[in-house]
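Descriptive structure summary
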Amino acid sequence: MKRKLYNITLKKEHSQLDKKFLEVLKHEGPATIVTFNATPAGVVNTWMSYIMLDEENNLMYIPAAGMHSIEDDFTTDNHIVITVGSKDVIGTVGPGAGFYVYGLGTFITTGPAYEKMKKSFPWIRKCLRVDIDHIEQKI
């Protein structure tokens, strides 16, 4: 079975994220963030409903109350993969669709995106900004 790879690294162009991926994000469920090049890998979780997308710039913003382990990993390598999925969305072989989001993570504490996240989630200490490299549908 051939898996779709959504390459969204277009520069200065609006790249539309896959409709199925956007549909998955509308459902509640966990989002797992992994620093896959760390030894051992750092793993943290959040909720998909907390994720804010900037589709025009291929960015994802995630509020961070903790996430100290992956923040520490960023000092040597800030490549991350985020997994999201929903059993309520039809995937490649029936009920259930899931995606890997690959990108570079940076923690921010200033700027319009941070202020918007802080307003929605007053408990955050930082905001994880993800520059999306590509999205791959897994199921």
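Description of the structure in this document. (Residues numbered from 1 in each chain as written. Predicted model: local features only at pLDDT ≥ 70, side-chain atom pairs only at ≥ 80, totals over all residues. Heavy atoms only, no water.)

What about the side chain of glutamine 137?
Within the secondary structure, glutamine 137 is located in strand β8 (residues 126-137). Overall, the relative accessible area of 5% leaves glutamine 137 in the buried class. (Helix = DSSP H or I, 4+ residues; strand = E, 2+ residues; numbered from the N terminus. Buried < 20%, exposed > 50% of the residue type's maximum accessible area, 1.4 Å probe, protein only.)

Considering the pattern of salt bridges
Tallied over the entire structure, the rule returns 4 salt bridges. We note a salt bridge from glutamate 71 to arginine 125, for which the minimum N-O separation is 2.6 Å. Of this pair, glutamate 71 sits in helix α2 (residues 68-73) while arginine 125 sits in the loop between α3 (112-120) and β8, and the two are 54 residues apart along the sequence. By relative accessible area, glutamate 71 is classed as buried at 18%. Of the residues examined, arginine 125 reaches a relative accessible area of 26% and is grouped as partly exposed. Among the ionic pairs, glutamate 71 bridges to lysine 126, the shortest N-O distance being 2.4 Å. With glutamate 71 in helix α2 and lysine 126 in strand β8, the pair connects residues that are 55 residues apart, well separated along the chain. Accessibility expressed as a relative area gives 22% for lysine 126, which makes it partly exposed. (Salt bridge = Lys/Arg side-chain N within 4 Å of Asp/Glu carboxyl O.)

What about the side chain of aspartate 73?
Looking at the secondary structure, you find aspartate 73 in helix α2. Here aspartate 73 occupies a buried position and makes no salt bridge, while the nearest side chain of opposite charge, arginine 125, is found at 12 Å. When neighbours within four sequence positions are excluded, aspartate 73 is seen to be in contact with Thr35, Ala38 and Gly42. (Lys, Arg positive; Asp, Glu negative; His and termini not counted. Contact = heavy atoms within 4.5 Å.)

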